[in-house]
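# Coordinate inspection notes
Okay, here's what each chain looks like letter by letter:
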2 protein chains.
Amino acid sequence: MSTHYTTPAVSVDIVLLTLKNQSLHVALHQRQQDPFSGALALPGGYIHTEEDTDLEATAKRVLQQKTGLTPRYLEQLRCFAGPVRDPRGWSVAISYVALIPLEALEQSGNGIFHFFAVDALPALAFDHAAQIQSAVQRVRNKSSYSTLPCWLLPEAFTLTELQRTYEQIFGETLSRGTFRSRLGIKVSDVAPGEAADDAQLLIATDAMKGGAQRPARLFKVNQLGLFRRAWW
Amino acid sequence: MSTHYTTPAVSVDIVLLTLKNQSLHVALHQRQQDPFSGALALPGGYIHTEEDTDLEATAKRVLQQKTGLTPRYLEQLRCFAGPVRDPRGWSVAISYVALIPLEALEQSGNGIFHFFAVDALPALAFDHAAQIQSAVQRVRNKSSYSTLPCWLLPEAFTLTELQRTYEQIFGETLSRGTFRSRLGIKVSDVAPGEAADDAQLLIATDAMKGGAQRPARLFKVNQLGLFRRAWW
DNA sequence: GTAATAGTGTCTGTAAGACATTATTTA
DNA sequence: TAAATAATGTCTTACAGACACTATTAC
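Residues numbered from 1 in each chain as written. Chains lettered and ligands numbered in written order. Predicted model: local features only at pLDDT ≥ 70, side-chain atom pairs only at ≥ 80, totals over all residues. Heavy atoms only, no water.

Counting secondary structure elements, chain A contains five helices and ten strands. If you line up chain A on its principal axes, its C-alpha atoms span 65 × 35 × 35 Å. Taking all 232 residues of chain A together, the buried fraction comes to 49%. Once local pairs closer than 6 in sequence are excluded, the contacts in chain A between residues at least 24 apart make up 62%. Distance between charge centroids for chain A: 7 Å, based on 23 positive and 22 negative side chains. (Helix = DSSP H or I, 4+ residues; strand = E, 2+ residues; numbered from the N terminus. Buried < 20%, exposed > 50% of the residue type's maximum accessible area, 1.4 Å probe, protein only. Contact = heavy atoms within 4.5 Å. Lys, Arg positive; Asp, Glu negative; His and termini not counted. Charge placed at Lys NZ, Arg CZ, Asp CG, Glu CD.)

Residues and elements named next belong to chain B. Applying the stated criterion to the full structure yields 22 salt bridges over all chains. In this structure, the salt-bridge partner of Arg85 is Asp13, at a minimum N-O distance of 3.7 Å. Of this pair, Arg85 sits in the loop between β5 (73-82) and β6 (91-99) while Asp13 sits in strand β1 (residues 9-20), placing them 72 residues apart in sequence. For Asp13, a relative accessible area of 5% puts it in the buried group. Note that Glu75 and Arg138 form a salt bridge whose closest N and O atoms lie 2.6 Å from each other. (Salt bridge = Lys/Arg side-chain N within 4 Å of Asp/Glu carboxyl O.)

On to the nonpolar core. For soluble globular proteins, the rule of thumb is that nonpolar side chains tend to be buried together. Judged by nonpolar contacts, the single largest core of 44 residues is most densely connected at Ile14, Val92 and Ile94 of chain A together with Ile14, Val92 and Ile94 of chain B. At the level of elements, β1 (9-20), α1 (55-67), β5 (73-82) and β6 (91-99) of chain A together with β1, α1 (55-67), β5 and β6 of chain B are the ones that each hand at least two residues to this core. In this structure Ile14 of chain A touches Leu42, Pro43, Ala59, Val62, Leu63, Tyr96 and Ala98 of chain A, once residues within four positions along its chain are discounted. (Core = buried A, V, L, I, M, F, W, Y, C linked by side-chain atoms within 4.5 Å.)

Another aspect to go through is the pairing of β1 of chain A. Residues and elements named next belong to chain A. Of all twelve residues making up β1, eleven are buried, and the element is well covered by its neighbours. In this sheet, β6 lies alongside β1 in parallel orientation, the contact comprising nine bridges. Paired with Ala9 across the strands is Ser91, a residue of β6. Pairing geometry for β1 and strand β4 (residues 44-46), over three bridges, is antiparallel. From the neighbouring strand, Ser11 faces β4, where its bridge partner is Tyr46. Strand direction decides the pairing type here: β1 and strand β2 (residues 23-30), joined by four bridges, are antiparallel. From the neighbouring strand, Lys20 faces β2, where its bridge partner is Ser23. (Pairing = 2+ DSSP bridges.)

Per the UniProt record, "domain: NrtR DNA-binding winged helix" (unreviewed entry) is annotated on residues 152-183 of chain A. Each end of residues 152-183 of chain A is marked by a C-alpha atom, and these two atoms are 17 Å apart; helix forms 62% of the span and strand 6%. (UniProt positions renumbered as here; feature names shortened; annotations may be inferred.)

Given two aromatic rings, one states the distance between the centres and the angle between the planes to describe the pair. Residue and element names in this part refer to chain A. The full count for this structure, using the stated rule, is eight aromatic pairs over all chains. Summarising the aromatic geometry, the rings of Tyr73 and Trp151 are spaced 5.7 Å apart at their centres and angled 40 degrees between planes, so their arrangement reads as tilted. A residue pair is termed long-range when its members are at least 10 positions apart, and Tyr73 in strand β5 and Trp151 in the loop between α3 (128-143) and β8 (157-158) qualify at 78 residues. Accessibility assignment for this pair places Tyr73 and Trp151 in one class, buried. Between Tyr166 and Phe227, the ring centres sit 6.4 Å apart and the planes meet at 35 degrees, which makes this aromatic pair tilted. (Phe/Tyr/Trp six-rings, centres within 6.5 Å; stacked < 30°, edge-to-face > 60°.)

Quick look at the sheet that holds strand β8 (residues 157-158) of chain B now. Residue and element names in this part refer to chain B. The sheet built from three strands is open, its strands ordered β8-β10-β9 with antiparallel pairing. Strands with a single pairing partner mark the edges of an open sheet, and in this sheet they are β8 and β9 (202-209). Relative to strand β10 (residues 216-221), β9 is paired through five bridges, and the arrangement is antiparallel. The residue bridging Ile203 from the neighbouring strand is Lys220, located in β10.

See below:
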């Protein structure tokens, strides 16, 4: 190991995203300590080398401690590092993106976080604004060719609810026929409760969601699946 | 800062890729020190907090020291971390992908590195095999929808040379007509030496490359540009 | 019946991919 | 002339996107 060079501080920050009021929101809390005491910041923490088996474990532990929840989706974003992002000196932050449905957060009864629309952020501590921007870009991009948005919904959802989710992520509306053909789904053909193969994006359940109109089939996500072609 | 938890060691590793013998090759050197003394490994180094302005600067400095070169393309891949990847304990490696034409490496007369085909790797130190696999996946994926492969060629190249580069990255051949329409280029229409707009992927030079046949127009890359649709 | 949303079918434009054809050089 | 590669055009298929139509519930 290097001897005559200072080791930079290493931490993990989490961009926890959810859908609220028809748009992407990020979870922020008010810092209680310096630096940036009083400022809004992302949840984050240090690696506990005795217990954390990898960085994902660190991220999960931090979220568990602060929300009591495990996110439905968790993915490493990238490292942010340098001498100026933290006034205490050279630091490395490994940034994670987490997705969770708003219902889960509300049921946890957690009062630490406030949610802010990602397209209208207040001033933030450290380089957290850049981390959020980068995370949103990743989510929007990955949503354009995959089933990523499923993890912003509860486990079972209707196709229309899923379409609304895509629309809220992109901020624009889609054609229903196009949306369903991209998913490769004809509701009348699907057999509930089976996953034919890995290429199948969604799994039909045997439950329906009714309202004051024709009931809709409920689906679950099979896995993080890719569309044939990208969307743009 | 955390007090009663050990700070993990932080380093930067570089997956330096080039094209050799019709396929992607990675630069490896033989380690002189423990751990893994004698084993093949990626170039890497520690952060110098006094001089490095960010992680990209660290990566560039390490490459400069070991090859005397600045790569044509450099991008952060992701972090690899955990208690077992380095026998000395919990460590964090930030992995970078670098692209460079083989000619540049050969001209530098550097003797440290050996090049290995990425699809037939020997045993490697640390988790470097996983880093390489991840880097190759990133390069293949990004090549399917962008001008990334241009940075594996010298500054000026013909369209056929570029097509061969794509083919060598993917390991399969392409149709020439399709390739050119994806690039949006009709050679007879282009005006040398101008960049009409940012959407223009390549810039025509006024030079031609001749052989025992009709000479071909030489092009330069404009910027990292995206195709309209992905390729798969 | 109406209102409301679920689900499907049809048409059009664009682009990928295969392949044939023309163009321009050297020998 | 032949050989070799550059460059372009044509045809087919596939899919995104728009939009219209039918289906099934509550009231």
